[in-house]
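# An overview of the molecular structure
For reference, the chains in residue letters:
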Amino acid sequence: MKHLVCLMVLYLISEVGSFDLIIDEIPDEVENLIDVEIDGFPPVSKTRNGRYQVEDDDKIGLYSYKVQSTITSRLANTMIQAKMVNNAKRSQHIVFDVQVPKGAFIDNFTMDVNGITFTSSIREKSEARRMYSQAKAKGKAAGIVRSNALDMENFKTEVNVPPGTRIQFELHYQEMIRRKLSSYEHVISMKPGRLAKHMEVDVRIIEPQGLRYVHVPNSLGDHFDGITTISKGEKKAHVSFKPTMAQQRKCPTCSSTAVDGNFVVQYDVNREKTGGELEIFNGYFIHFFAPENLDPLPKNILFVIDVSGSMWGLKMKQTIEAMKAILSELRAADQFSLIDFNHNVRCWRDNLVSATPAQVEDAKKYIQTIHPNGGTNINEALLRATFILNEAQNLGMLDPNSVSMIVLVSDGDPTVGELKLTTIQKNVKQSIKDEFSLFCLGIGFDVDYDFLQRIATDNRGMAQRIFGNQETSAQMKKFYNQVSTPLLKKIQFNYPQESVSDVTQSSFHNYFGGSEIVVAGKVDTENLQHLESIVTATAANAELVMETLRDVEELDGFMKKDKYADPEFTKKLWAYLTVNQMLAERNTAPTAALKRNITKSILQMSLDHHIVTPFTAMLIENSEKDEIMLADQPKDPRRGCCSGTLGLTPNAPNNNKGIPAWANVTAVPVSFMPEQRSPPVSAVSINRVDNDPHFIIYLPKSQKNICFNINSEPGDILNLVSDRGTGVVVNGQLIGAKKAENKKLNTYFGKIGFYFKTKGLKVEINTETITLKDGSYSIALTWSDTGHIIRKQLLISVKKESNVTITVGEEMSFMVLLHRVWKNHPVNVDFLGIYIPPENQLSPEAHGLIGQFAAEPEVYIHHQRPGQIPEKPQATMEVKGNKLTVTRGLQKDYRTDRVFGTNVQCWFVHNSGKGFIDGHYKDYIVPHLYSFLKKP
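Presented here is a report on the structure given in the accompanying data block.

Our focus in this paragraph is the pattern of salt bridges. Overall, the coordinates contain 30 salt bridges when judged by the stated rule. Where Glu292 meets Arg179, a salt bridge forms, and the shortest distance between an N and an O atom there is 3.4 Å. In this pair, Glu292 is assigned in the loop between β19 (284-289) and β20 (299-306) and Arg179 in strand β11 (residues 179-180), connecting sequence segments 113 residues apart. We classify Glu292 as partly exposed; its relative accessible area is 30%. For Arg179, a relative accessible area of 5% corresponds to the buried category. Among the salt bridges present, the one from Asp268 reaches Arg271, with a minimum N-O distance of 3.0 Å. Bridged by salt links that share partners, the residues Arg74, Arg179, Glu207, Arg212, Asp268, Arg271, Glu292 and Glu516 form one connected network.

The next thing to look at is the nonpolar core. Within the largest apolar cluster, 90 residues are counted, with the highest numbers of intra-cluster contacts made by Ile491, Phe754, Ile765, Ile796, Ile806, Met877 and Phe916. Among the elements that make up this core, the one with the highest residue count is strand β40 (residues 747-756) (five residues). Counting 55 residues, the second-largest nonpolar core is a separate cluster that includes Ala104, Phe109, Met199 and Val612.

Another aspect to go through is the environment of Asp830. Checked against the element boundaries, Asp830 lands in the loop between β47 (812-819) and β48 (831-836). Under the relative-accessibility criterion, Asp830 is labelled buried at 18%. In sequence terms Asp830 and Phe749 are 81 residues apart; their C-alpha atoms lie 9.1 Å from each other. Among all residues touching Asp830, those that are not within four sequence positions of it are Ile735, Thr767, His819, Arg820 and Val821.

Attention now goes to the state of the cysteines. Tallied over the entire structure, the rule returns two disulfides. The side chain of Cys707 participates in a disulfide bridge whose partner is Cys906; the two sulfur atoms lie 2.0 Å from each other. The disulfide joining Cys707 to Cys906 has a torsion of about 70 degrees about its S-S bond and is therefore right-handed. Taken together, the residues span a long stretch of sequence, with Cys707 in strand β37 (residues 704-709) and Cys906 in strand β52 (residues 902-909) at a distance of 199 residues. Judged on exposure class, the residue Cys707 and its partner Cys906 are both buried.

Look at Arg74: it is not a glycine, yet its phi comes out positive at around 75 degrees. Secondary-structure assignment places Arg74 in the loop between β3 (60-72) and β4 (75-86). The buried category is assigned to Arg74, whose relative accessible area is 1%. Its identity as a non-glycine residue notwithstanding, Asn911 has a phi of 60 degrees, on the positive side. Along the chain, Asn911 turns up in helix α13 (residues 910-913). On the accessibility criterion, Asn911 (65% relative accessible area) is exposed.

What counts as what
- Residues numbered from 1 in each chain as written.
- Predicted model: local features only at pLDDT ≥ 70, side-chain atom pairs only at ≥ 80, totals over all residues.
- Heavy atoms only, no water.
- Salt bridge = Lys/Arg side-chain N within 4 Å of Asp/Glu carboxyl O.
- Helix = DSSP H or I, 4+ residues; strand = E, 2+ residues; numbered from the N terminus.
- Buried < 20%, exposed > 50% of the residue type's maximum accessible area, 1.4 Å probe, protein only.
- Core = buried A, V, L, I, M, F, W, Y, C linked by side-chain atoms within 4.5 Å.
- Contact = heavy atoms within 4.5 Å.
- Disulfide = S-S within 2.5 Å.

The following block contains the structure:
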């Protein structure tokens, strides 16, 4: 192998770029074997369209091209293998050039040349370069190729091989597949450059949650329609793509391959738990969180569009087309505005406006009139956008449950106003509120995409490069769709601190529909039987608290039985998330010392888990160690060795550099919603129905509690409150005990319905769920949840396995109490109690078993005397023209003690309240859970 020269490159943030060969003092005996690139381009005679660049195409045989990928709970381990032979009579160059998905970690590379194997190891970058330099100094063949990176990842090695040489390349990488637009998408680059005698793509999916669907679109073209096979089980799937050489040809007589693109596998998993899925294995846990069936949060969105001269032509045309489509997708609850900028900044509206059809149409007309010209003033455009959002928030114009965001679309670096990127980043960070997000779309390759990534990540957003071509519009709309449906905000994941450690990011600003949040950590499975998680979040109409409990050994059997599942998937996913999190933290580290410490941690993680990161390099050596190659991440001259080298102090003093004078926000705090009040909890000042059903009516004027029972049948619906004046109905449906005792079947409230007619809202509470209905829309919580639902100024607060409080503005409130019994009890059943404060502001029309007492009747109790039971005296009660014999006794208030209750003294009216209530108790039976009581 004396004459073998290997040139390789690993560039982790590139899409399209030139390559500069860096080889010092090339040994004379190998100099004639190296095709030196000039200004990043090889000699014209050596350029080929395929991925395998060779001098004599027809004499290089690709006899095998194989891709094997195994996905275990979103972790994809992929191997790409190519076997080639030089059938020519002279030495030729073979290039192995593979595209790797952005964000993937390469963890292994091997090369076999006529039986001589080169293997890889991960080293700290400076150490790897030192070893490489020493090898060169001793006259050994070695080379480095670097790139001016953009944003697509490639791995490239070039080998000059003698005639008859057989060579095998094999690359391994791992990635976490992110969920976007309700689908996981596994993308495999297939660009072999020539026909292969044997070609195979083999993908296996193992998802313990269960597979909802698996789909393989025709991403390689209709030419390969029907070749892919899919076999899907409940939790596993197998995808196979094996085109014959004849099927690979572009045409029956063609010698070129039609395989040139991406092989894509799409799938999604089953989701049954609101709180997400916990997967625990080998001392690590992974928490997948992707709730569905939630109302979108309202958006406050500012579109900031670059209209400088460089946007002229196709880019502007495609941007206008995309913006018109995006504006059409705004919801009625959204607020928006448009800012376009060149060297000046213009606002379509100086403030946010509602996304009514008229406003949307006017905005479309405005966009249509834009004519690109002039320079690029990014600093002032972004500050103008943050000013509008800040002003709206301080003037109380923003729904506190809404999500505010800025979407920047630009194709170039600043040329007017503030030009220093770090100053712009600092200005935006200081101006933007912690509750706002910034999303950046970089069009083409003139824009500093790394800057857009930094400024977006720094402000709770993300960036994406958009190619300035015919697909610009579709790419912009696809990106917008990822952030167009915020479902939750302020998401916080909580785990028992004594049982878990090294947890990845657990607090998130927003959750967008169709995506997924993933949290990982280490867990002490030796001393723990179950792991519990509690997730809190704000939804459109609820403060949600979602709990998940998982047995730490639940996955063991499943994983050990599957020979394809990666037994280290939890460890690898944790490492993947941790390294990416540390890279992001390094971007915004406020001090050089902190940045150094983070760098050390990233380096150690990279070495421990054998992955290439910005601070490591891959050494490839033969067994004799006399041939050394270096796979090194490229150095982008625009930003140093790696992303995030420019730090930012979050709380740095504001020197107003680059901030225009108009950006002074008016400080006028205004509350969006009135403060909600809780019902009183005094044991003697509330109307209640509990147990079998025992009614206690509190009469504030006479300071007396009057109680009675209703002896009705299971299934009957009793009207408790019917107020046509306020449009409020409260009804309760009876359930019976499992069997009679002493020839009497006890009945209880098993279901309670609330109808707020003026709001169009219905609430149904049973012993399992609490459901809010608004027309065709509904949202439900279970008694195992703790959370809130807010809709149209109505607040429902759920306390886990305890009670539900319904509050309607300042006017009224209700509490429903849950009584749980042993599920195997021979007689008793779960039931509900209801507590209604007499202060509720019902109208004079109010009626019902409880509602009729909103207008308190005059009650006169006298002639107290001993009863049949000494501790229960009797008396005469005069009420509503009736004289009744009543008995002094005790009833229970279960609000503070749901097991034993608190004793409440009352005068008991016999015969189902006859004489105390108007008419007969059967007059209060209604046909439906939300029926008003018929007028007498």
